[in-house]
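Chain by chain, the residues:
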Amino acid sequence: METIQEHLPLSESTFFILLSLAREPRHGYAILKDVEALSQRRVVLSTGTLYGALSRLLDHGWVIRLDTGEPEESGRPRKLYRLSDLGQRILQAETERMEHVAAAARLRFAEELS
Amino acid sequence: MSRTVRILTALYGYLLRLYPLDYRAAFADEMRVVFADALRDAARTGSWAAARLFLRELTSLPASLWHASRLYPSPSIYADRLSRARWSARYFSIFWGGYMLYFAVQRTLDSGDLTLLRAVQMVPSLALVLAWRWERTGGMLTMLGGAVLCGLGVIGGYNAAQGEPLLTQLATLSAGLMWGAAYLVFGGLYVWVANKDRSVETPRAN
């Protein structure tokens, strides 16, 4: 059986996409803009990259796709993406992993200074 | 909607056709809407910002296509030799043609100077991308541009390596020749595919 740890570390773009969905469900363009803002423009996704990542996240079951009922230009309902419980746990685990890494680095710097 | 936005959105619609059928069915409509939204925002700061956004899509396209084809495999496009050749040429043309075009435009924008060499390089790069749709014409134009680039590369290499040892001269000439060789090879592959396709279709028509 797969454990959460097997999926870590996440790529930066995957992490920011999941983080973007942590507070509320969003549609594609809102994710694109939010990832840009969260990463302070370090991660600028193209549409192709965003949907490549979303299709993978849907496949893993980390993200769920919802119909809003609000139609797009094509007449089809606009889609929203929401973090699943598994996605939430993965995001939490990755954040904790990064905190451990940062704490270890800070400790080492502090040792060198003292 | 400005003309630039309309043209680039239409071109993006064509690029979406490169994705596997099932992937397109799931995401193409959304991708088109998201791209149009992003383009409209970028176009507010000028046409170049919109062009840059489009070029970013082009440069990320090979990786996106690769990921999409892994998740939604469509074995039919690799079913026979002709399809394999066609799709190899297509993937390469988007990657190499798109990248070289982006590179030449970026350099021109940065320096504010369109040199003859860059202008010449843009022709086969653009032809390579267009060959996706017009295989024979695009392939021939790519080959012609590739031959000119080979010639310019050899002349440039010869001038640069004069007085150097023979091995250095040969290496510089080869490097100059290689510069246009990719265009010759893949332009030729497109022409071969177009000819083969015609010869397959002619007996069928008869």
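J.: Is there a simple way to explain the overall build of chain B in this structure?
T.: Secondary structure assignment for chain B yields 7 helices and 0 strands. Ordered by position in the sequence, the α and β elements of chain B form the string α-α-α-α-α-α-α. Across the 206 residues in chain B, those meeting the buried criterion constitute 31%.

J.: Got a minute to help me understand the overall build of chain A in this structure?
T.: A tally of helices and strands in chain A yields 4 helices and 2 strands. Across the 114 residues in chain A, those meeting the buried criterion constitute 27%. Taking all contacts inside chain A whose residues are at least 6 apart in sequence as the whole, residues at least 24 apart take part in 51%.

J.: It is not clear to me how the interface of chain A and chain B should be interpreted in this structure. Could you clarify?
T.: By a widespread convention, an interface's size corresponds to the accessible area lost as its parts come together. Taken together, the contact pairs 17 residues of chain A with 18 residues of chain B. In terms of residue count, helix H3 (residues 47-60) of chain A provides more of the side of chain A that touches chain B than any other element does, 8 residues in total.

J.: How do you make sense of the packing of H3(A) against helix H3 (residues 47-71) of chain B when you look at a structure like this?
T.: How two helices sit against one another is set out by the angle between their axes and by the gap between those axes. Where H3(A) contacts H3(B), the axes come no closer than 8 Å and their chain directions differ by 20°. Judged on the interaxial angle alone, H3(B) and H3(A) are roughly parallel. As H3(A) packs across H3(B), the resulting crossing turns out to be left-handed. Residue-level inspection shows Thr47(A), Gly48(A), Thr49(A), Gly52(A), Ser55(A), Arg56(A) and Asp59(A) of H3(A) in contact with H3(B), the latter providing Glu57(B), Ser60(B), Leu61(B), Ser64(B), His67(B), Ala68(B) and Leu71(B). Broken down by class, the residue content of the contact of H3(A) with H3(B) amounts to 3 nonpolar, 8 polar and 3 charged.

J.: What should I look at first to understand the environment of Ala63(B) in this one?
T.: Position of Ala63(B) among the secondary structure elements: in helix H3. As for Ala63(B) and Phe95(B), which are separated by 32 residues in sequence, their C-alpha atoms are 9.3 Å apart.

J.: So what exactly am I meant to see when it comes to the confidence of the model for chain A here?
T.: Predicted coordinates in areas of low pLDDT are best not read in detail. In the predicted model, chain A carries a mean pLDDT of 90, and the fraction of residues at 70 or more is 90%. Averaged pLDDT values over the elements of chain A bottom out at 81 in strand E1 (residues 63-71) of chain A and peak at 96 in helix H1 (residues 12-20) of chain A.

J.: Honestly, unusual backbone geometry in this entry has me stumped. Any pointers?
T.: In terms of backbone geometry, most residues other than glycine have negative phi values and most peptide bonds are trans. Residue and element names in this part refer to chain A. The omega torsion of the bond from Leu8 to Pro9 falls at 0°, within 30 degrees of zero and hence cis. On the secondary structure map, Pro9 appears in the segment before H1. A positive phi angle is found at Gln40, which is not glycine, with a value near 55°. When you line up the elements, Gln40 lands in the loop between helix H2 (28-38) and H3. The residue Arg41 is not glycine, and still its phi comes out positive at about 65°. By the element assignment, Arg41 lies in the loop between H2 and H3. What makes Arg41 exposed here is the crowd of 9 C-beta atoms within 10 Å.

J.: Mind showing me how you'd approach the packing of helix H1 (residues 3-16) of chain B against H3(B) here?
T.: All names here are of chain B. Interaxial distance between H1 and H3 falls to 10 Å at its minimum, and their mutual angle equals 5°. By the angle between their directions, the pair H1 and H3 is classed as roughly parallel. Between H1, through Thr4, Val5, Leu8, Tyr12 and Leu15, and H3, the contact on the second element is made entirely by Ser47, Ala50, Phe54, Glu57 and Leu61. Residues that form the contact of H1 with H3 fall into these classes: 7 nonpolar, 2 polar and 1 charged.

J.: Help me understand helix H6 (residues 135-161) of chain B in this model?
T.: Spacing of three or four residues puts side chains on the same side of an α-helix, whose turn is 3.6 residues. Residues and elements named next belong to chain B. Its 27 residues place the ends of H6 37 Å apart at the C-alpha level, agreeing with the 39 Å of an ideal helix rising 1.5 Å per residue. When we look at burial in H6, the residues that qualify are Glu135, Gly138, Gly139, Leu141, Thr142, Met143, Gly145, Gly146, Leu149, Gly153 and Gly157. Count one or two residues on from H6 and you reach Gly163, which has phi positive near 90°.

J.: For this particular structure, what's the right way to read the nonpolar core?
T.: Side chains of a nonpolar character, in soluble globular proteins, are inclined to be buried together. Ranked by size, the top nonpolar core spans 62 residues in total, and within it Ile17(A), Leu18(A) and Leu39(B) carry the most contacts. Top element by residues in this core is helix H2 (residues 21-43) of chain B. It accounts for 11 residues. When residues of this core are assigned to domains, at least three map to each of domain 1 (1-75) and domain 2 (76-206) of chain B. Look past the residues within four positions of Leu18(A) in its chain and what remains in contact with it is Trp62(A), Leu83(A), Gly87(A), Ile90(A) and Leu91(A).

J.: How should I be thinking about H3(A) in this particular structure?
T.: Residue and element names in this part refer to chain A. The first and last C-alpha atoms of H3 sit 20 Å apart over 14 residues, in line with the 20 Å expected at 1.5 Å per residue. Summarising burial for H3: 10 of the 14 residues are buried, a large majority. The positive-phi residue at the C-terminal boundary of H3 is Gly61, with phi of around 85°.

J.: Explain the environment of Met31(B) here, please?
T.: Mapping Met31(B) onto the fold places it in helix H2. The class for Met31(B) is buried, based on 26 C-beta atoms found within 10 Å. Separated by 18 residues in the primary sequence, Met31(B) and Gly13(B) place their C-alpha atoms 9.2 Å from one another. With residues up to four places along the chain from it excluded, the contact list for Met31(B) reads Thr47(A), Tyr51(A) and Leu16(B).

Analysis parameters
- Residues numbered from 1 in each chain as written.
- Chains lettered and ligands numbered in written order.
- Predicted model: local features only at pLDDT ≥ 70, side-chain atom pairs only at ≥ 80, totals over all residues.
- Helix = DSSP H or I, 4+ residues; strand = E, 2+ residues; numbered from the N terminus.
- Buried ≥ 20, exposed ≤ 12 C-beta atoms within 10 Å, placed from the backbone.
- Contact = placed C-beta atoms within 7 Å.
- Axes fitted to C-alpha atoms, helices over the stretch in contact; angles between N-to-C directions.
- Parallel < 35°, antiparallel > 145°, perpendicular 65-115°, else oblique.
- Left-handed = near helix turned anticlockwise from the far one by under 90°.
- Nonpolar A, V, L, I, M, F, W, Y, C, P; charged D, E, K, R; others polar.
- pLDDT = per-residue confidence, 0-100.
- Expected span 1.5 Å × (residues − 1).
- Core = buried A, V, L, I, M, F, W, Y, C linked by C-beta atoms within 7 Å.
- Domains from an automatic or database assignment.

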